[in-house]
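What follows is the residue order along each chain.
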Amino acid sequence: MDISTVGYRRNDAFTAYIGMGSPKQLAKNQVAALKSLASGKPDEQRTVRVGADGRLAPEICKLVVA
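Small disclaimer: the values here were computed from a predicted structure and weren't measured.

**As for the overall build of the protein chain**
Here is step 1: Of regular secondary structure, the protein chain possesses three helices and two strands.
Here is step 2: Element order for the protein chain, N to C, with α for helix and β for strand: β-α-α-β-α.
Here is step 3: Each of the 66 residues in the protein chain was classed as buried or not, and the buried ones make up 12%.
Here is step 4: Long-range pairs, those at least 24 residues apart, make up 56% of the contacts in the protein chain with a sequence separation of at least 6.
Here is step 5: Of the roughly 5500 Å² of accessible surface on the protein chain, a fraction of 54% belongs to carbon and sulfur atoms.

**Quick word on the environment of Q30**
Here is step 1: Its place among the elements puts Q30 in helix α2 (residues 28-37).
Here is step 2: Spatially, the C-alpha atom of Q30 lies 8.2 Å from that of M20, the residues being ten residues apart in sequence.
Here is step 3: Sequence-distant contacts of Q30, defined by excluding residues within four places in its chain, comprise M20, P23 and Q25.
Here is step 4: Within the structure, the side chain of Q30 is placed 2.8 Å from the backbone nitrogen of A27, a separation counted as a polar contact.

**Concerning the pattern of salt bridges**
Here is step 1: Applying the stated criterion to the full structure yields one salt bridge.
Here is step 2: R46 is the salt-bridge partner of E44, the closest N and O atoms lying 2.5 Å from each other.

**Describing unusual backbone geometry**
Glycine aside, negative phi is the norm for most residues, and most peptide bonds take the trans geometry.
Here is step 1: Notably, N11 is not glycine yet its phi reads approximately 50°, a positive angle.
Here is step 2: You can see N11 is positioned in the loop between β1 (2-3) and α1 (13-19).

**Quick look at the environment of D12**
Here is step 1: With respect to the element layout, D12 can be found in the loop between β1 and α1.
Here is step 2: Of the residues examined, D12 reaches a relative accessible area of 15% and is grouped as buried.
Here is step 3: Along the backbone, D12 and K35 are 23 residues apart, and their C-alpha atoms lie at a distance of 9.6 Å.
Here is step 4: Each residue touching D12, except ones within four places of it in the same chain, is listed here: G7, L37 and A38.

Reading the values: the criteria
Residues numbered from 1 in each chain as written. Predicted model: local features only at pLDDT ≥ 70, side-chain atom pairs only at ≥ 80, totals over all residues. Heavy atoms only, no water. Helix = DSSP H or I, 4+ residues; strand = E, 2+ residues; numbered from the N terminus. Buried < 20%, exposed > 50% of the residue type's maximum accessible area, 1.4 Å probe, protein only. Contact = heavy atoms within 4.5 Å. Areas by Shrake-Rupley, 256 points an atom, 1.4 Å probe, with all protein chains shown as cover. Polar contact = N/O pair within 3.5 Å; in protein donor to acceptor, adjacent residues only side chain to side chain. Salt bridge = Lys/Arg side-chain N within 4 Å of Asp/Glu carboxyl O.

This is the structure:
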């Protein structure tokens, strides 16, 4: 399972854009920086097992919605 966080300064191109001064036209290096900051790459990867009943462990469910 991939675990990604999204929000303020986490996979957040908009806040980074504001931090750049909200330029009307982005330079190539700024575009690259924004793409890197908001790549959507997971923060963490975990292996999970699903029980015979088809349910995930409760601690995994809490992690996903937290």
